[in-house]
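These are the residues of each chain, in order.
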Amino acid sequence: MKFEPLKYIYQSSGNAAAYTLLLLHGTGGNEKDLIPLAKDFGDRFNILSLRGNVNEHGMPRFFKRLGMGVFDEKDLDFRTDEMVSFIESIADKEGFDITKLIALGYSNGANIAGSTLIKYPEFLAGAILYRPMQPFKEVKSIGTDTGVPVFFSSGRLDPTINPNETVEYLDKLKELGFTVEHHDLLTGHNLTQNDIELTTEWLNMNFA
């Protein structure tokens, strides 16, 4: 397989020194889905929103899965490389600073953001993971010594994610050197206003 370009939307903040929110949708979403959410965090961020290249019965995804909650790790590995290569290829054209990317992913998008943290621990300046799962069963990573900040929110009533696996994933991210802020919210897989408010606080604290 060879790398293919991803469909995307880029919106500049007008500030060359701005951070860029890298928006990564959930299963069945597209590059338009998370833009309204990103606007809740103010106008100081550039926005780069991608659409996954995998089609699952008409639903866009960032990588294949073998079943509910069972990832095709070989495809995830390839798609992570493909996404990072694509972002690098458009940075100069669109005019954003490749060193100031903050991934914001929901569900499937959070999982490819997590695989990017693991495979390319110095690529992202930060990451916002909404309802993520550990992307690889066996995590092989050199980690980071820069304490890259990670916002991680899980749903206490989420039927799609094993809470014990969430604890293991959190521990692994911390072992790899990421500075993780975890919120276990009284909700399911859906996003809530609480997610937005907590994310706003986290962004203001880490990327003011």
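Residues numbered from 1 in each chain as written. Predicted model: local features only at pLDDT ≥ 70, side-chain atom pairs only at ≥ 80, totals over all residues. Heavy atoms only, no water.

**Q** So what exactly am I meant to see when it comes to the overall build of the chain here?
**A** The secondary structure content of the chain amounts to five helices and 11 strands. Its C-alpha atoms give the chain a radius of gyration of 16 Å, within 12% of the compact-globule value 17 Å for 208 residues. Dimensions of the chain, computed from the C-alpha atoms along their principal axes, are close to 45 × 40 × 35 Å. Out of the 208 residues in the chain, the part that is buried amounts to 52%. In the chain, once contacts between residues fewer than 6 apart in sequence are set aside, the share between residues at least 24 apart is 72%. For the chain, the computed accessible surface area is about 9,700 Å², with 50% contributed by carbon and sulfur atoms. Side chains of the chain carry 20 positive and 29 negative charges; the gap between the two charge centres is 5 Å. (Helix = DSSP H or I, 4+ residues; strand = E, 2+ residues; numbered from the N terminus. Rg over C-alpha atoms; globule rule 2.2 N^0.38 Å. Buried < 20%, exposed > 50% of the residue type's maximum accessible area, 1.4 Å probe, protein only. Contact = heavy atoms within 4.5 Å. Areas by Shrake-Rupley, 256 points an atom, 1.4 Å probe, with all protein chains shown as cover. Lys, Arg positive; Asp, Glu negative; His and termini not counted. Charge placed at Lys NZ, Arg CZ, Asp CG, Glu CD.)

**Q** Please clarify how the packing of aromatic side chains should be interpreted in this entry.
**A** What characterises a pair of aromatic rings is the spacing of the ring centres plus the angle enclosed by the ring planes. In the structure shown here, the tally under the stated rule is 10 aromatic pairs. With 5.1 Å between their ring centres and 80° between their planes, Phe63 and Phe71 make a pair best called edge-to-face. Of the two residues examined, Phe63 and Phe71, each falls in the buried class. Aromatic rings pair up to connect Tyr19, Tyr130, Phe151, Trp202 and Phe207 into one cluster. The side chain of Lys100 reaches across the aromatic face of Tyr19, ending 5.3 Å from its centre. (Phe/Tyr/Trp six-rings, centres within 6.5 Å; stacked < 30°, edge-to-face > 60°. Lys NZ or Arg CZ within 6 Å of the ring centre and 35° of its normal.)

**Q** What should I look at first to understand empty space enclosed by the protein in this one?
**A** Space left empty within the atom packing is revealed by a probe, the size of a water molecule, rolled over the atoms. Overall, the coordinates contain one cavity of 30 Å³ or more when judged by the stated rule. Of the pockets and cavities examined, the largest cavity occupies roughly 40 Å³. Lining the largest cavity are Leu6, Gly52, Asn53, Phe62, Arg79, Glu82, Met83 and Ile112. The greatest single-element share of the lining of the largest cavity, amounting to three residues, is contributed by helix α2 (residues 73-94). Along the lines of polarity and charge, the residues of the lining of the largest cavity split into four nonpolar, two polar and two charged. (1 Å grid on protein atoms, 1.4 Å probe; cavity = no way out; pocket = protein on both sides within 12 Å on 5 of 7 lines; lining within 4 Å. Points joined across faces, edges and corners; volume = space filled by probe spheres on them. Nonpolar A, V, L, I, M, F, W, Y, C, P; charged D, E, K, R; others polar.)

**Q** What should I look at first to understand the environment of Gly58 in this one?
**A** Secondary-structure assignment places Gly58 in the loop between β4 (54-56) and β5 (59-61). Sequence spacing of Gly58 and Gly28 is 30 residues, and the spatial spacing of their C-alpha atoms is 7.6 Å.

**Q** Quick question: what am I supposed to make of the UniProt feature "domain: Phospholipase/carboxylesterase/thioesterase" (unreviewed entry) in the chain here?
**A** In the numbering used here, UniProt assigns the "domain: Phospholipase/carboxylesterase/thioesterase" (unreviewed entry) feature to residues 12-204. With 33% helix and 24% strand, residues 12-204 has its two end C-alpha atoms placed 19 Å apart. (UniProt positions renumbered as here; feature names shortened; annotations may be inferred.)

**Q** How do you make sense of the pattern of salt bridges when you look at a structure like this?
**A** Close approach of charged atoms allows side chains of opposite charge to pair. Using the criterion set out here, one finds nine salt bridges in the structure. Its salt-bridge partner being Glu56, residue Arg65 comes within 2.7 Å of it at the nearest N-O pair. For Asp77, the salt bridge identified is with Lys119, shortest N-O distance 2.8 Å. Remark: Lys119 occurs in helix α3 (residues 108-119) and Asp77 occurs in helix α2; sequence separation between them is 42 residues. (Salt bridge = Lys/Arg side-chain N within 4 Å of Asp/Glu carboxyl O.)

**Q** What exactly am I supposed to notice about the packing of α2 against α3 here?
**A** Two numbers describe a pair of packed helices, the interaxial angle and the distance between the axes. Running from amino to carboxyl end, α2 crosses α3 at an angle of 80°, the nearest separation of the two axes being 10 Å. Overall, the two elements α2 and α3 adopt an arrangement that is roughly perpendicular. Contacts between α2 and α3 involve Leu76, Asp77, Arg79, Thr80, Asp81, Met83 and Val84 on the former and, on the latter, Ile112, Ser115, Thr116 and Lys119. Taken together, the residues of the contact of α2 with α3 break down into four nonpolar, three polar and four charged. (Axes fitted to C-alpha atoms, helices over the stretch in contact; angles between N-to-C directions. Parallel < 35°, antiparallel > 145°, perpendicular 65-115°, else oblique.)

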